[in-house]
Amino acid sequence: VFRNKIRCVSSFAGESAVPPNLLLPTNLVDPSRHRRPAPPPDTALPILRSCDTSLPAHLSPVRTWVQTLMNPSDEPLGLTELHPDVFAVPPRLDILHQVEIWQKNFKRISHAKTKVRSEVRGGGRKPWRQKGSGRARHGSIRSPLWRGGGVSHGPRGPTSYYYMLPMKVRVMGLKVALSSKLAQDYLHIVDSLDIPTPDPQYLTELIKQKHWGQSVLIVDVGEEFPENILKATEELKTVNIIPAMGLNVHSMLKHESLILTLETVRFLEEKLLWHDIRFSPLYPFKLPYSDI
Amino acid sequence: MSVTKKTGGKAFEILQNLPRITLANLRPEPGSKQLRRGRGQHGGNRSGRGHKGERQRGNRPRLGFVGGSTPFYLAIPKYTYNEGHSRRPQYQPLTLKRLQYLIDLGRLDTTQPIDLTQLVNARGVTVQPLKRDYGVQLVDEGSDIFAAKINIEVQRASEGAIAAIERNGGVITTSYYDPISLGILIKPVPFFLRGQPIPRRMLPGEDMVPYYSDAENRGYLADLDKIQQARIALALKYGYALPNISKDELYHMLSMRKDVRQIFFGLAPGWLVNMHEKKILKPTDEKLLKYYNS
């Protein structure tokens, strides 16, 4: 009996049957997973968007399909060119780990607090005289040796685990996450988020037909989203929609697939590439600069 | 380059065949974490503190104490040449080589007067007014490659540097900024957001007045005629033909000079800059005007 209902193939050569008591990890590579091939260089489909900034001569843009959410068929609308310095960076898994742990911990304030012997109620008087009573010598009934006494080295008060990773490390984390999603074929570009119906069932069937996986994260730029997609994702637990400013490594790793619109791609490239060419800050970037 | 480089390289291709990267798959770089658990946490047993005594009990005497005899820092006598060493004005050196580098890369605009603000905006120098920095000094390393016509204002300049700039048809002035004015000059935007009026720049103290009144140093308090004579004399000394600036098309820009009490070009002391509404407020009271114009 397999833990997951997907049939997995062992990588051992020469063994055809998987032993029944073998516990396989749930995210083992499934070769029957529908992986679409990279767009060949001689497709008839138009390039809907090319990179805004001019690339240096030694870099070539990455090409991916652009799909649509309107009809559930599998045919792509066209191609997009993605900047390699955002979507094809070396997969620095240690940076991903650092950024993920930072995201988890920097907000943490642990409120655990125990009372020290001076804070426990009572214990000011010497319980019995120093000499002659036959019992061990004690100074207060709330010392850590006593039952009901204070804790000597316990957690003290709200402790904050706040720290900031350098800005460029956090930016690199986003780039590495986007690149690894693209490399493993979990990134899908869509022209816009218009759906015919606000029915969540429509979305789930679309995701199933397009083989986008168990959980999907949809990202769009702009202050307003189309109503249909908002209503459809409201009910669903595994399909979530966020604005582009809210894109973060934790959400990208938690959801299996990532859906970006063309506008989002343009926004992300603009924002993430700026950090490669900017000057170091004289004063915080939130204050106005005339030239950056 | 004919071969296009794939930024991700081989790792990118290998990643395509590996399991999905999830929250469960991440682990830190081996060797980055130093966590130990249990009794070995602080080194075990005595935790590297030694055996008994002040060392283990954390009661060692202050830094510099040598057990009772006169410590080194008291045994060596003081001398006058070191007096007030931490209060002496310091000037961050700026080589002509670095200046040329900044101009070539386009970080400095030669069509406008070059000020300490422009140098800091171009990230050419880092000045720390809180560490007794009084500005920037021009050093003549790289004077043979320097070839740019600029109007530059620094706080100190060596003779060779002055010669190199004037040889190329530029104008150099040395001027004094007191520490508060320097802090404002370096970071104008945080100052404007404070909501204080621009202060008057203070005049130099009595030990610096001779330096800034001397035409040899192109001081801002010196006579313009004497500066012209000094320019001619320097050209003779270093053996170059002094170019005539007055016939230059950028003469107006090259002759721009700040007033003795002015910190920014185009802004007078007493004015208040409102960054959010993009307005400048000027004082109208007589006493204030008299004070700021004196």
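Residues numbered from 1 in each chain as written. Chains lettered and ligands numbered in written order. Predicted model: local features only at pLDDT ≥ 70, side-chain atom pairs only at ≥ 80, totals over all residues. Heavy atoms only, no water.

Going by an unreviewed UniProt entry, chain B carries the name Large ribosomal subunit protein uL15m and comes from Periophthalmus magnuspinnatus. As stated in UniProt under Subcellular location (unreviewed entry), the record for chain B gives "Mitochondrion". What UniProt records for chain B under Sequence similarities (unreviewed entry) is the sentence "Belongs to the universal ribosomal protein uL15 family." (UniProt positions renumbered as here; feature names shortened; annotations may be inferred.)

An unreviewed UniProt entry annotates chain A as Large ribosomal subunit protein uL4m of Periophthalmus magnuspinnatus. What UniProt states about chain A under its Subcellular location (unreviewed entry) heading is, verbatim, "Mitochondrion". Regarding chain A, the relevant UniProt record gives this comment under Sequence similarities (unreviewed entry): "Belongs to the universal ribosomal protein uL4 family."

So, the packing of helix H2 (residues 93–105) of chain A against helix H3 (residues 167–183) of chain A: which residues are in play, and what are the values?
A pair of packed helices is captured by two measures, namely the crossing angle of their axes and the spacing between those axes. Residues and elements named next belong to chain A. H3 packs onto H2 with a crossing angle of 115 degrees between their chain directions and a minimal axis gap of 9 Å. Judged by the twist between their axes, the crossing of H2 over H3 is left-handed. Contacts from Ile 95, Leu 96, Gln 98, Val 99 and Trp 102 of H2 reach H3 at Val 169, Arg 170, Met 172, Gly 173, Val 176, Ala 177 and Ser 180. Class assignment of the residues belonging to the contact of H2 with H3 gives a composition of eight nonpolar, three polar and one charged. (Axes fitted to C-alpha atoms, helices over the stretch in contact; angles between N-to-C directions. Helix = DSSP H or I, 4+ residues; strand = E, 2+ residues; numbered from the N terminus. Left-handed = near helix turned anticlockwise from the far one by under 90°. Contact = heavy atoms within 4.5 Å. Nonpolar A, V, L, I, M, F, W, Y, C, P; charged D, E, K, R; others polar.)

Tell me what's going on with the sheet that holds strand S9 (residues 257–261) of chain A, and back it up with residues and numbers.
Backbone-to-backbone hydrogen bonds pair the strands of a sheet. The strands run either parallel or antiparallel. Residues and elements named next belong to chain A. An order of S1-S3-S2-S6-S9-S7-S8 is seen for the seven strands of this open sheet, with the pairing classed as mixed. Looking at the sheet topology across the chains shown, the edges are occupied by strand S1 (47–49) and strand S8 (239–243). Across the sheet, the mean angle separating the axes of adjacent strands is 35 degrees when strand polarity is ignored. Pairing between S1 and strand S3 (residues 78–82): two bridges, direction parallel. Across the sheet, residue Arg 49 finds its bridge partner in S3, namely Thr 80. Set on the sheet, helix H5 (residues 227–235) makes contact with strand S7 (216–220) and S8; between it and S8 the angle comes to about 130 degrees. (Pairing = 2+ DSSP bridges.)

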